[in-house]
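The primary structure of each chain is shown beneath.
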Amino acid sequence: MRVISNHHLAAEGQSYNMHNIKDVINMNSLQEAKETDPMNGKTPLITRTVSSLCPVCLEVISARIFQEDEAVMIEKHCEEHGDFKDIYWSDAAIYRRFMSYWSDGLRINKSSKTSHGCPLDCGLCENHKSGTLLGIIDVTSRCNLSCPICFADAGNDKNEPTIGQIASMMQVLRDQIPVPCPAIQFSGGEPTMRVDLPDIVYLAKTMGFAQILLATNGLVLASRPDLCHELIQSGLSTVYLQFDGVTPEPYEAIRGVNLLPQKLRAIENLRQAGNLSTVLVPTLVKGTNDGQAGDIVRFASKKLDIIKGVNFQPVSFAGRIDQEERTAKRITIPDVLALLEDQTNNEITRDDFYPIPFVKPISHLIEAETGISQPVFMAHPCCGAGTYIYCQGGHMIPITRFLDVEGLMENVRQRVADFDGSRLGRLKMKGWILKDVPRFIDGAMVPDNLNLKKLILNVFIEGAREALIDFHTRFLFIGIMHFQDLYNMDLERLERCAIHYALPDGRLIPFCSYNSIHRCDPLGGKSFAKM
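Please read all numbers here as calculations on a predicted model, not as lab measurements.

A. Focus on the overall build of the chain. Scanning the chain from N- to C-terminus turns up 17 helices and 17 strands. Within the chain, the fraction of its 531 residues that count as buried is 57%. Restricting the contact set of the chain to residue pairs at least 6 apart, pairs at least 24 apart contribute 68%. Surface summary for the chain: the accessible area is close to 22,100 Å², and the carbon and sulfur share equals 51%.

B. The arrangement of the packing of aromatic side chains in detail. On inspection of all chains with the given rule, the structure shows 15 aromatic pairs. Ring geometry for Y101 versus Y354: centroids 6.2 Å apart, planes at 80°, classification edge-to-face. Taken together, the positions of Y101 in the loop between α1 (92–99) and β5 (134–138) and Y354 in strand β12 (residues 354–355) put the pair 253 residues apart, joining distant regions of the chain. Here F483 and F511 contribute two aromatic rings whose centre-to-centre distance is 3.9 Å and whose plane-to-plane angle is 20°, an arrangement assigned as stacked.

C. Examining unusual backbone geometry more closely. The omega torsion across I177 and P178 is 15°, close enough to zero to call that bond cis. Examined against the element boundaries, P178 turns out to sit in the loop between α2 (163–174) and β6 (183–187). Cis geometry marks the peptide bond from G188 to G189, where omega comes out at 15°. Following the sequence through the fold, G189 ends up in the loop between β6 and α3 (197–206). Phi is positive for L58, close to 70°, though the residue is something other than glycine.

D. Fine view of the side chain of S52. Note on placement: S52 falls in strand β1 (residues 47–53). One polar contact links S52 to K76, side chain to side chain, over a distance of 2.8 Å. At a separation of 2.6 Å, a polar atom in the side chain of S52 contacts the main-chain carbonyl oxygen of M489.

E. Structural detail: the nonpolar core. Counting residues in each nonpolar core, the largest one holds 85 residues, and the members touching the most others are F186, L280 and F312. For F312, the contacting residues outside a window of four places in its chain are P282, L284, A293, I296, V297, V336, L340, I478, G479, I480 and M481. Ranked by size, the runner-up nonpolar core spans 31 residues in total, among them L134, Y240, M481 and C512.

F. Looking closely at the sheet that holds β1. Pairing in this open sheet of four strands is antiparallel, and the strands run β1-β2-β3-β4 from one edge to the other. Strands at the two margins of the open sheet, each flanked by one partner only, are β1 and β4 (82–89). The mean inter-strand angle of the sheet, taken between neighbouring strand axes irrespective of direction, is 30°. Strand direction decides the pairing type here: strand β2 (residues 60–68) and strand β3 (residues 71–78), joined by six bridges, are antiparallel. Each residue of the ladder has a partner; that of I65, found in β3, is I74. Contacting β1, β2, β3 and β4, α1 runs over the sheet at an angle of about 75° to β4.

G. Inspection of the pattern of salt bridges at higher detail. Per the counting criterion, the structure on display carries 20 salt bridges. E492 is the partner of R48 in a salt bridge, and the nearest nitrogen-oxygen pair spans 2.5 Å. Taken together, the positions of R48 in strand β1 and E492 in helix α16 (residues 491–494) put the pair 444 residues apart, joining distant regions of the chain. On the basis of relative accessibility, which here comes to 0%, the residue E492 falls in the buried class. For R413, the salt bridge is made with E410, and the minimal N-O distance between the two is 2.7 Å. Of this pair, R413 and E410 are both found in helix α12 (residues 405–418), three residues apart, which corresponds to roughly one turn of the helix. For R413, a relative accessible area of 40% gives the class partly exposed. Relative accessible area serves as the criterion here: at 41%, E410 is assigned to the partly exposed category.

So, how was this worked out
Residues numbered from 1 in each chain as written. Predicted model: local features only at pLDDT ≥ 70, side-chain atom pairs only at ≥ 80, totals over all residues. Heavy atoms only, no water. Helix = DSSP H or I, 4+ residues; strand = E, 2+ residues; numbered from the N terminus. Buried < 20%, exposed > 50% of the residue type's maximum accessible area, 1.4 Å probe, protein only. Contact = heavy atoms within 4.5 Å. Areas by Shrake-Rupley, 256 points an atom, 1.4 Å probe, with all protein chains shown as cover. Phe/Tyr/Trp six-rings, centres within 6.5 Å; stacked < 30°, edge-to-face > 60°. Polar contact = N/O pair within 3.5 Å; in protein donor to acceptor, adjacent residues only side chain to side chain. Core = buried A, V, L, I, M, F, W, Y, C linked by side-chain atoms within 4.5 Å. Pairing = 2+ DSSP bridges. Axes fitted to C-alpha atoms, helices over the stretch in contact; angles between N-to-C directions. Salt bridge = Lys/Arg side-chain N within 4 Å of Asp/Glu carboxyl O.

In structure tokens, the structure reads:
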């Protein structure tokens, strides 16, 4: 098993100041356990120590991540508020596999100094280990729904930044060094309640964002085809559409009303407006809509002309949700993988998915080829999972069926490591791509109407946005992002978060930190959430 580094490890029982934790165990000396799994006598049990938070007082406390049967748990103790225990990952074997893709991370320039320690110094602070892959701006706190599971706790209050403030926030993202933030998402609240939303989208386009996304419940888009058209004309790239199921029941349980007809109408309006990229975003709640994960993917696979992805989000216990229900409703990434495996009759399996940093070698390859710094996927391996599937003849075929993705990534990683930075070295690398990449493709298994070799070579050699778009038009992306809450918070994960909220006061705050701790005044006021 690959050895994993742990920035906040300490020997069990050791006394230390959690606000000034030092590296005490490095990548080469970390051991997951001194015990042995009694079931097979070989595989070490998982046990690690990280920093976390008390869910009540927000004090930084030590937490233990450990294996219990086949699950991975997190437990912690606050001197004032007692013990807390929750599930971290539901499958220890998948946890081990994903953690083998650990990445050390990359600090950005212009980070803020620390004074109180993570996560109270979010800004981003000097301890953060990832640049911004996706910037989020809440353009309003107003919403036309009142969902009981809303992590934003949105409502009727009109608390929104001016378009000038939004421009300043986007400039902070674009000024990030070494790589400007490539993608921006407008969220809320419900962003379509702002009448100047098309102007905001156009502003983002003029500022150079390669991807401009809109997170929406779709109700306004369902009733206003003209707005769909105006947003697309203004430069909107992708719509992240809240989509909790293919029958009325999940919406009635999660949103309080059947919204399926509006979702279908919004998709059709976007199609008619010329939008070619909608991503369905189901919030999965155990016992409510987890039985429809497979059906949601099938629904998307039949509408590839407009739907390019499904991004599952297991419910996060932040914002407007009953904390007492977390044990009954908690669902983790391995749970979603098992659901997809079962509900697609093994057309899609857990082995088809990889963690976010798995694709890091592609960024390094394109950077070596072009000489231009690229966004690098440095997130913690437990933050998300993804795969691509090809749809043909009513079947869903994961890319792993005809492409040796692990062999390809390892080969790319080695070639980049050997690259000497010279012009000759760059020519040799292109020659390797042309010669060797095809051998990772199983020609007998590739679908008849798919020229996979051409697609991959275009991405690797050209590295251009057009090549990536061409790839995405032929495959359906399936992703899972499990955002943290105060019960399963791992500050080691938080330090590597690549999705950041931009605030009018110039700060950039990691997603999980903002929604669990700092979401009180979206205009940059007091940095504590309503508890």
